[in-house]
Amino acid sequence: MNPSTVIGAVVGLLTLVIVVALAATDPGLYFNLPGLAIVLGGTCAALFIAYPLSEVMRVFKLVVTVFRNDQHDQQRDIEELVSMAQLWMNTDVHKVEQELKKVTNPFLRTGVQLIIDNTPEDQIIELLQWRVSRLRAREMAEAQMFRVMATFAPAFGMLGTLIGLINLMAVLGDGSMTMIGQQLAIGLMTTFYGILLANLVCKPIAVKLERRTARRVESMNMVLQGIAMMCEKRGPAVVRETLNSFVMHVEDEIYDGGASAPRAKTEGQVAPAAAKPVSITRPAAARQ
C-alpha cells in the first residue's frame, strides 16, 4: 500500500466525520440519497459520453494503482546497466546475453537487445524515445480523465441545487415545513457532494497519477541515457556516475554541507592579496 495515499484518505475521512459530528445536530442530515445519486449518476453518465468504454473501465484499475506502492527500483536498473556496460566494453557478447535474461525491466531489456543485434545507435535512441513519449501520452490522458471528472462533479452538484430549488418553489406556498426542508437539503447537499468528490477524490488522484508518470518517465530517461552510453562503450565508472545523477536528491549543487564554510578573516590574520582589477578597454568609437 502507498502510505501517503492511505494517510491522506484516512485524514480526509476523519476530518469529515469529526466536522459532521461536532457541527451537525443530526449527522444523518449529511446523507441525502437523491443528491448523491444526482452527482454520482451525472458524473458517470458524462464520463461514459466523453470517453470510450475501454478507457472508462480503466478508472477502477487506476484507483487501485494510486493505493498500490510502486515497487520499481532505479538502483537495480543502474547496477544492471553498469554490469552490462562493463561486459559490452570488453566485447563479451555471450555474457551480456546471459545477464540480459536476469533483467526484469522490459524497457531496459529492449534497449540492450537492440545493442546486441547491432542496431545503429540513432535507431535505438529513436525507438526508445518513441516508447517514452507513448507512455507519457497514455498515462497523462488517464490522469486527465480524473481532472475531467473533477469538473463534472461540481457542475452536477449545481444541477442538483437547481432541482432542489425548483421543487422548493413548487411546495413553498402550501407545503409543510418537512417537505420544504427536504427539498432544500437536496439543493444544498448536492453542491456539497460535488465539491467533495472533485477536491477530495478526483483531483488528488489526477495529481498522484501525474507524479507517478513523471517518476516513470524519469526512470526511462535514465535507462535511455545508459543505453546510449553503452552504445558508445563508455566505462562502467562513467556510466555509474552519470546514472546516479538521475536518482540523487541534492538541494545545493555548490555546497553540500560536507566541509566547513569559509570563515571571515580574524584579527592577526593576513588577508589574501586582492585580485588585480581587470581593465576594460572600450573601442575607439565608444570613447568618442
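The present account deals with the structure reproduced in this document. Quick caveat: nothing in here was measured; it's all calculated off a predicted structure.

1. With respect to unusual backbone geometry
Then step 1. In the Ramachandran plot, Asn118 falls in the positive-phi region, its phi being about 60 degrees despite a non-glycine side chain.
Then step 2. Position of Asn118 relative to the elements: it lies in the loop between helix H7 (106-116) and helix H8 (121-171).
Then step 3. In this model, Lys233 sits at a positive phi of 60 degrees, which is unusual for a non-glycine residue.
Then step 4. Judged by relative accessible area, which is 37%, Lys233 ranks as partly exposed.

2. Brief notes about the nonpolar core
Then step 1. Counting 33 residues, the largest nonpolar core has Met84, Val96, Leu108, Val112, Val223, Ile227 and Met230 as the members making the most contacts within it.
Then step 2. For this core, the secondary-structure elements that each account for two or more residues are helix H5 (74-89), helix H6 (93-100), H7, H8, helix H9 (177-231) and helix H10 (236-247).
Then step 3. In terms of residue count, H9 provides more of this core than any other element does, nine residues in total.
Then step 4. In this structure, Val39, Leu47, Met149 and Tyr193 belong to the second largest nonpolar core, which totals 22 residues.

3. Considering the packing of aromatic side chains
Then step 1. All chains considered together, the criterion is met by two aromatic pairs.
Then step 2. Note on Tyr30 and Phe192: the rings are 5.9 Å apart at their centroids and 70 degrees apart in plane angle, and the pair reads as edge-to-face. With a gap of 162 residues between them, Tyr30 in the loop between helix H1 (3-23) and helix H2 (33-50) and Phe192 in helix H9 connect regions that are remote in the sequence.
Then step 3. Given a relative accessible area of 28%, Phe192 falls into the partly exposed group.
Then step 4. Relative to Tyr193, the ring of Phe192 has its centre 5.9 Å away and its plane inclined at 55 degrees; by these criteria the two rings are tilted.
Then step 5. Overall, Tyr193 belongs to the buried group, its relative accessible area being 10%.
Then step 6. Taken together, Tyr30, Phe192 and Tyr193 form an aromatic cluster joined through their ring pairs.
Then step 7. Lys233 extends its terminal NZ or CZ atom over the ring of Trp88, reaching a point 5.7 Å from the ring centre.

4. Thoughts on the packing of H5 against H6
Then step 1. Axis separation between H5 and H6 bottoms out at 8 Å; the angle between their running directions is 165 degrees. Classed by the angle they form, the pair H5 and H6 counts as roughly antiparallel. Relative to H6, the crossing made by H5 is left-handed. Contacts from Ser83, Met84, Leu87 and Trp88 of H5 reach H6 at Val93, Lys95, Val96, Glu99 and Leu100.
Then step 2. Of the residues that constitute the contact of H5 with H6, the class distribution is six nonpolar, one polar and two charged.

5. Brief notes about the layout of surface pockets
Then step 1. Space inside the largest pocket adds up to approximately 920 Å³.
Then step 2. Counting residues per element, the ones that place at least two in the lining of the largest pocket are H1, H2, helix H4 (59-67), H8 and H9.
Then step 3. Considering every element that reaches the lining of the largest pocket, the biggest residue donor is H9, with ten residues.
Then step 4. The volume enclosed by the second largest pocket comes to roughly 560 Å³.
Then step 5. Taken together, 22 residues form the lining of the second largest pocket, with His72, Asn105, Arg216, Ser219 and Met220 sitting closest to its centre.

6. Regarding the pattern of salt bridges
Then step 1. This structure, assessed with the given rule, holds eight salt bridges.
Then step 2. Across the salt bridge formed by Arg240 and Glu79, the nearest N and O atoms sit 2.8 Å from each other. Of this pair, Arg240 sits in helix H10 while Glu79 sits in helix H5, placing them 161 residues apart in sequence.
Then step 3. The salt bridge involving Glu139 is made with Arg212; its shortest N-O contact spans 3.8 Å.

Conventions and cut-offs
- Residues numbered from 1 in each chain as written.
- Predicted model: local features only at pLDDT ≥ 70, side-chain atom pairs only at ≥ 80, totals over all residues.
- Heavy atoms only, no water.
- Helix = DSSP H or I, 4+ residues; strand = E, 2+ residues; numbered from the N terminus.
- Buried < 20%, exposed > 50% of the residue type's maximum accessible area, 1.4 Å probe, protein only.
- Core = buried A, V, L, I, M, F, W, Y, C linked by side-chain atoms within 4.5 Å.
- Phe/Tyr/Trp six-rings, centres within 6.5 Å; stacked < 30°, edge-to-face > 60°.
- Lys NZ or Arg CZ within 6 Å of the ring centre and 35° of its normal.
- Axes fitted to C-alpha atoms, helices over the stretch in contact; angles between N-to-C directions.
- Parallel < 35°, antiparallel > 145°, perpendicular 65-115°, else oblique.
- Left-handed = near helix turned anticlockwise from the far one by under 90°.
- Contact = heavy atoms within 4.5 Å.
- Nonpolar A, V, L, I, M, F, W, Y, C, P; charged D, E, K, R; others polar.
- 1 Å grid on protein atoms, 1.4 Å probe; cavity = no way out; pocket = protein on both sides within 12 Å on 5 of 7 lines; lining within 4 Å.
- Points joined across faces, edges and corners; volume = space filled by probe spheres on them.
- Salt bridge = Lys/Arg side-chain N within 4 Å of Asp/Glu carboxyl O.

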